[in-house]
Amino acid sequence: MYTQFFGNYLLQRQIVTNEQLLSAMQRASKSRLKVGTLALHQGYMTTQEIEECLYLQTREDKRFGEIAMERGYLTEDIIRELLNIQGNDYMLLGQILVEDGIITYDDLDRLLFTYRSEYKLYDLEDDIGNRDVIRALIENAFLIAEVKASEHPIKYMELLYNSLIRFIGDDFTPLQPMGVDEYPVNFAVCQKLVAKKEYLTILDMEKEVAVEFANRYANEQFTEFNEYVEAALQDFCNLHNGLYIVNVSNENSDELQLEPPYTITEKILTIPNNCIVLPIQYTFGTVHLICAF
């Protein structure tokens, strides 16, 4: 999940534009990390050493690893270790931005350091399952939107990001969150969670985006917006919210009731409760999550 938040981190600091980030995400989905990028991440090589090897590659018909070994920067065992690493997605995104000329390796090294330091991501390999880290990232989103974040919204958003990655794909990044009282709907699937008070969740997107979202979720090839696309989005919403109810019940013995999902189109919604809008940029379009807690 760190890749998605790293993209948002770059957007917030105006390191990249939405268009540049989207292009990099699309390429990253079809790429793999290079040895030089992995060596930088693992601390085996400096940016200057990497740039030297890249320059020599333009003069010699050799692989990066071969040149790095000849220069004494890497050993055969280290190269084997790097090639065995499954890959760090947020590093891959940084690599693409370097290749696009948007940042340099020096920039990437500095940005990764500040990103890790700010969110205490000192060892991502060990922290992947660390819920405290994810909570800190989600709390920051609520802070930016100036929306009060209690336990329910944080847990809900944590599960939502995992649901998107699991059922739709990880090629997304959260954009700037917003706190709103009204929202203009395109095509939205809505569902209410009822406990001591009512919670409303809305998944809104353009119909063209809904088609691709449904394709990924249902593993189908819908070519146009129809009732099957609508049903797929309702099912995603119902599945995610059902998982959330199970989690909450298991942890706190709280009783939540889930009402059937429904759809609305082309309407201005007035949302009186504490509400946050989270635009989520996928490579196929933007999905807006609206939650009223």
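Here, residues in each chain are numbered from 1, in the same order as that chain's written sequence. Owing to the predicted nature of the model, reporting of local features is limited to residues with pLDDT of at least 70; listing and counting of side-chain atom pairs is limited to 80 or more, with chain, interface and lining totals taken over all residues. The basis for every side-chain value is the complete set of heavy atoms in the structure, and neither hydrogens nor water enter the calculation.

### A closer look at the overall build of the protein chain
Item 1. When helices and strands are tallied, the protein chain shows 13 helices and eight strands.
Item 2. Residue burial in the protein chain is summarised as follows: out of 293 residues, 49% are buried.
Item 3. Within the protein chain, contacts between residues at least 6 apart in sequence are counted, and of these 68% link residues at least 24 apart.
Item 4. Carbon and sulfur atoms make up 46% of the accessible area of the protein chain, which amounts to about 14800 Å² in all. Going along the chain from the N terminus, every DSSP run of H or I of four or more residues is numbered as a helix, and every run of E of two or more is numbered as a strand. Each residue is assigned to one of three classes by its accessible area relative to the maximum for its type, calculated with a 1.4 Å probe on protein chains only: buried under 20%, partly exposed between the two thresholds, exposed over 50%. Should any heavy atoms of two residues lie within 4.5 Å, those residues are considered in contact. Exposure was quantified through the Shrake-Rupley algorithm and a 1.4 Å probe, taking into account, for residues, occlusion by the shown protein chains and nothing else.

### Observations concerning the pattern of salt bridges
Item 1. The term salt bridge refers to a pairing of a side-chain nitrogen on Lys or Arg with a carboxyl oxygen on Asp or Glu at a separation within 4 Å. Considering all chains together, one arrives at eight salt bridges under this definition.
Item 2. Where Lys-62 meets Glu-70, a salt bridge forms, and the shortest distance between an N and an O atom there is 2.7 Å.
Item 3. Classification of Lys-62 by relative accessible area gives partly exposed; the value is 30%.
Item 4. On the basis of relative accessibility, which here comes to 51%, the residue Glu-70 falls in the exposed class.
Item 5. Note that Arg-110 is salt-bridged to Asp-107, the shortest N-O span being 3.4 Å. Separated by three residues within a single helix, Arg-110 and Asp-107 lie in helix 8 (residues 105-118), roughly one turn from each other.
Item 6. The class of Arg-110 is partly exposed, set by a relative accessible area of 44%.

### Things to note about the nonpolar core
Item 1. Membership of the largest hydrophobic core comes to 84 residues, with the highest contact counts inside it found for Phe-6, Leu-74, Met-157, Leu-164, Phe-213 and Leu-233.
Item 2. At eight residues, helix 13 (residues 227-252) tops the list of elements feeding residues into this core.
Item 3. Joining through side-chain atoms within 4.5 Å is the link that ties buried Ala, Val, Leu, Ile, Met, Phe, Trp, Tyr and Cys residues into a set, and such a set is a nonpolar core. Residues Ala-188, Leu-200, Ile-202 and Cys-275 belong to the second largest nonpolar core, which totals 14 residues.

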